[in-house]
Amino acid sequence: MPQIASTMKSFRTRVAKTSPKAPTGITGFDEICGGGLPRGSTTLLVGGPGSGKTIFALQFAMHGARYCKEPAIFVAFEETSKRVKSNAESFGWKIKELGPSKLFFLDAQPMSDRVHSGTFDLSGMLAALEAQINKMGARRIVFDALDILLALLPDEAAKRREVYRLHDWLREHELTGLITSKASQEETNCIVQESFSFMQFMVDCAVMLNHTVVQGVSQRSLRVQKYRGTSFDENQSPFVIGSRGIEVAVARTSSRVQISVTNERVSSGVERLDTMLGGGYYRGASVLITGFPGTAKTTLSGAFAAAACRRRERTIFVSFDSDGAEVVRNLASVSIGLNRYIKNGCLCMVSGRTISGSAETFLVRIKALATEHKARCIVIDPVSTISSSGNELTAYGVAERLIDWSKTMGTTLVCTSLLDEVSSHLLASSPLRISKMADTWIHLNYLVQAGERNRGMSIIKSRGTAHSNQVRELILNDAGVTVTDTYTAEGEVLMGTLRWEKESAERGAKDMAEVAGRVKRVRLDAEEAELEVRLKALQVELEAKQVEKALLVSTAESREGVLLQGRSRMRELRGADTAISRQK
Amino acid sequence: MNRGAPYRFRLYVAGDAQNSAQAIANLNALCREHLPDRHSIEIVDVFRKPEYALAESIFMTPTLVKLGPLPVRTIVGTLSQTQPVLHALGLGTLSV
């Protein structure tokens, strides 16, 4: 931001040339409020104990000092600056590197042995701060735990007066101020303390931090209560304190919709399933595999992971139910060898049990792991874990953001989801309602027939893909995972041994028919041959008769000739004449 | 307590603010009454010397610091309530 740099020195005469928002650097928060906190005015940050106020405030100060060329002052009323700094080290912010010329800490903890007598005000502190601001050209200032200071003041009127003094002072110096304050545990939305209720009216922006425990699971959320002159996301947004500071979960905002859609297909790892899907899953799609325990959900997702590794795509396999090594061993029994990919670093097995915390924490961890591993494919087995007790309310939002995120990253996501006996009746309302968001939904179930359980597989939906709507049988054996057609007889689907029996019965019947056909043909051949023989004999007889007839004719002729000769001879002898010529 | 030891005070004030003026008046009255001829008062205006306030962590005005005799004591406010002030300054024998 070069324009900030140029105006930094002459901040007193600064015209509002720069953006009206001061970015906090807090993932997600800047998106909620359209860029950051209001520049040149005051924001109130309220929250219960341990809700993350100090971290929020410090991140805001650190971000300004490090990335926005806005030196910051951090006034610590509660914790000593040393403790604040050491707490921040775990986020890798390297506060010490910045030095006091960029980020100045002022320890202002009231001393316990300090005696109070009569009225007093904050002029001393403001004078001290003013000197420091001029010295370092500070643009941001944080008053952490102002309530501690105000508690020293004898009455409401004094508190009010000092808050006004502070506010006016911040205005006058055109500082972007952030004041944090505790709120009572029960109700963070309405501040009980009187001095803060008017403060909420006074400031231009107020943010509430909420920290509740639902069934033993810590849930943090944040809400922008007011923000003058700007539109903002008014809903409560969950957040986590991650390894790099606060991360606020935000639904996909319009500015983030830049998903590159591709027609590229990636193999599911099962050949026949690929053909059923018309070539495999889409790259970047979210695939959901649902089913009861033991329906081979893990196997199917393992097949996908193995296929991804074969294509040399970096993959993460997050397994919640069993340990990574167990999954690898179990999958090896169906010829899905993952070990070599783990060894060459292509595949990263993550045991989900090591992640503890809210659903939001899972998401943050998975995101961090995926980014670290540069994963192009992610398997989460099963994703329904995130909706475990205490997380029921937030899990849906988390799943939604997980899918959004993986789409934005172009990562192909395969999630399995456990269905229990109860929800099986309501297939459409699978846990998390993730099925609505998933692009491809494969359902696995058991078919119990003739004392046998067989695995059936069907594609319930697959967006943008012509897909088979037939139930197929999923067969697992040491040769691998295969999908075969089921046998449909009289409207019933047969699997396993029944299918085999039916198929072999059919084969037998076919053989019989073939033999019968052959026999008949032979018989017909014989009959044909016989007829041909008879035909030949008759022909011979016919010829004989013809010869005989010809002979007969010729004999008759010769006899007549002889007779005629004899007659003419007689005529000659008799000397007859005309009568013969008339006869001729 | 050595009654002969001189008291050294530093009073931080904020310009001519009303409470600062009150503190100066109260301190002078107190010293006149309880520490005649064995005190010295230094008045520091935080507006003129903010670096003092920063260095000494003086955030509220008026603030009185008793530099001597030891221990160093800090009293915040207009010093209007005489008894607690005397007590804090180690002149508590006068309070009951």
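Reading guide: rules and limits
- Residues numbered from 1 in each chain as written.
- Chains lettered and ligands numbered in written order.
- Predicted model: local features only at pLDDT ≥ 70, side-chain atom pairs only at ≥ 80, totals over all residues.
- Heavy atoms only, no water.
- Buried < 20%, exposed > 50% of the residue type's maximum accessible area, 1.4 Å probe, protein only.
- Helix = DSSP H or I, 4+ residues; strand = E, 2+ residues; numbered from the N terminus.
- Pairing = 2+ DSSP bridges.
- 1 Å grid on protein atoms, 1.4 Å probe; cavity = no way out; pocket = protein on both sides within 12 Å on 5 of 7 lines; lining within 4 Å.
- Points joined across faces, edges and corners; volume = space filled by probe spheres on them.
- Salt bridge = Lys/Arg side-chain N within 4 Å of Asp/Glu carboxyl O.

How should I be thinking about the pairing of strand S16 (residues 315-319) of chain A in this particular structure?
Along a regular strand, successive side chains alternate from one face of the sheet to the other. Residues and elements named next belong to chain A. For S16, the tally of buried residues reaches 5 of 5 residues, placing the bulk of the element in the interior. Of the two faces of S16, the one lined by Thr 315, Phe 317 and Ser 319 and the one lined by Ile 316 and Val 318 are each fully buried. Where S16 and strand S17 (residues 347-351) come together, 5 bridges link them in parallel fashion. From the neighbouring strand, Ser 319 faces S17, where its bridge partner is Ser 351.

What is the right way to look at the layout of surface pockets in this model?
A water-sized probe rolled over the atoms picks out the places where empty space is left. All names here are of chain A. Here the largest pocket defines a volume of roughly 680 Å³. Surrounding the largest pocket, 32 residues form its lining, Thr 27, Gly 28, Arg 244, Glu 247 and Lys 367 being those nearest its centre. Ranked by residue count, the leading element in the lining of the largest pocket is helix H14 (residues 359-373), at 6 residues.

Mind showing me how you'd approach the pattern of salt bridges here?
Side-chain pairs of opposite charge can arise whenever the charged atoms involved come near each other. Residue and element names in this part refer to chain A. Within the structure shown, the criterion is met by 18 salt bridges over all chains. Close ionic contact of Arg 283 with Glu 313 constitutes a salt bridge, the shortest N to O distance being 2.6 Å. Placement of the pair is Arg 283 in the loop between strand S14 (281-282) and strand S15 (286-291) and Glu 313 in the loop between helix H11 (297-310) and S16, with a sequence separation of 30 residues. Taking relative accessible area as the criterion, Glu 313 reaches 6% and is therefore assigned buried. Put simply, Glu 514 and Arg 518 hold a salt bridge, and the shortest N to O gap is 3.3 Å. Of this pair, Glu 514 and Arg 518 both sit in helix H17 (residues 496-574), separated by 4 residues, roughly a single helical turn. When salt bridges with common partners are traced through the structure, they connect Asp 121, Arg 161, Glu 162 and Arg 165 into a single cluster.

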